[in-house]
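Structural overview for review
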Amino acid sequence: MDHTGFGNLGRNTYRGPGQQNWDFSLIKNFKLTERQSLRFTTDFFNMWNHANFGNPSTTDVESIGLANSPFGRITSTLGTPRLIQFSLRYAF
């Protein structure tokens, strides 16, 4: 029998929130003359701007039961918001 009151979940069986990060690129080549070309590129990082949440706090077990206990709360996000990058390359 467990006398600590913290349950009997096995070690390393907990998984945090899922993560999603979609990156996407568009490239268009334009031939200006036989030897000259222009390349336009657009890159989207985290295209859908999906929030990726961090793992919940699990280190402050002494505060369980208090009114404002941080134990088990998700208080952070990971990664960056949507980024869009444009580039133009002229080759001769």
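Bear in mind the structure is a predicted one, so any value in this text is a computation, not a measurement.

1. Some thoughts on the overall build of the protein
Scanning the protein from terminus to terminus reveals zero helices and five strands. The linear arrangement of helices and strands in the protein, starting from the amino end, is β-β-β-β-β. Within the protein, the fraction of its 92 residues that count as buried is 10%. When contacts within the protein are restricted to residue pairs at least 6 apart in sequence, long-range pairs at least 24 apart make up 58% of them.

2. Looking at the environment of leucine 78
The residue leucine 78 is located in strand E4 (residues 77–78) in this model. Accessibility expressed as a relative area gives 45% for leucine 78, which makes it partly exposed. The spatial distance from the C-alpha of leucine 78 to the C-alpha of alanine 51 is 7.8 Å, given a sequence separation of 27 residues. The contacts of leucine 78, once residues within four sequence positions are left out, are Gln19, Asn52, Phe53 and Gly54.

3. Let's talk about the side chain of aspartate 43
Turning to its location among the elements, aspartate 43 is positioned in strand E2 (residues 37–45). Nearest to the buried, unbridged aspartate 43 among oppositely charged side chains is arginine 39, at 9.7 Å. Of the polar contacts made by the side chain of aspartate 43, one reaches the side chain of serine 25; its length is 2.6 Å. Setting aside residues up to four positions removed in sequence, aspartate 43 forms contacts with Phe24, Ser25, Leu83, Ile84 and Gln85.

4. Comments concerning the packing of aromatic side chains
In total, this model carries four aromatic pairs according to the counting rule given. Both rings, one in phenylalanine 40 and one in phenylalanine 86, keep their centres 6.2 Å apart while their planes meet at 20°; by these two values the pair is stacked. In this pair, phenylalanine 40 sits in strand E2 while phenylalanine 86 sits in strand E5 (residues 83–91), placing the two residues 46 residues apart along the sequence. Judged by its relative accessible area of 35%, phenylalanine 40 falls in the partly exposed class. Under the relative-accessibility criterion, phenylalanine 86 is labelled exposed at 56%.

How each quantity is defined
Residues numbered from 1 in each chain as written. Predicted model: local features only at pLDDT ≥ 70, side-chain atom pairs only at ≥ 80, totals over all residues. Heavy atoms only, no water. Helix = DSSP H or I, 4+ residues; strand = E, 2+ residues; numbered from the N terminus. Buried < 20%, exposed > 50% of the residue type's maximum accessible area, 1.4 Å probe, protein only. Contact = heavy atoms within 4.5 Å. Lys, Arg positive; Asp, Glu negative; His and termini not counted. Salt bridge = Lys/Arg side-chain N within 4 Å of Asp/Glu carboxyl O. Polar contact = N/O pair within 3.5 Å; in protein donor to acceptor, adjacent residues only side chain to side chain. Phe/Tyr/Trp six-rings, centres within 6.5 Å; stacked < 30°, edge-to-face > 60°.

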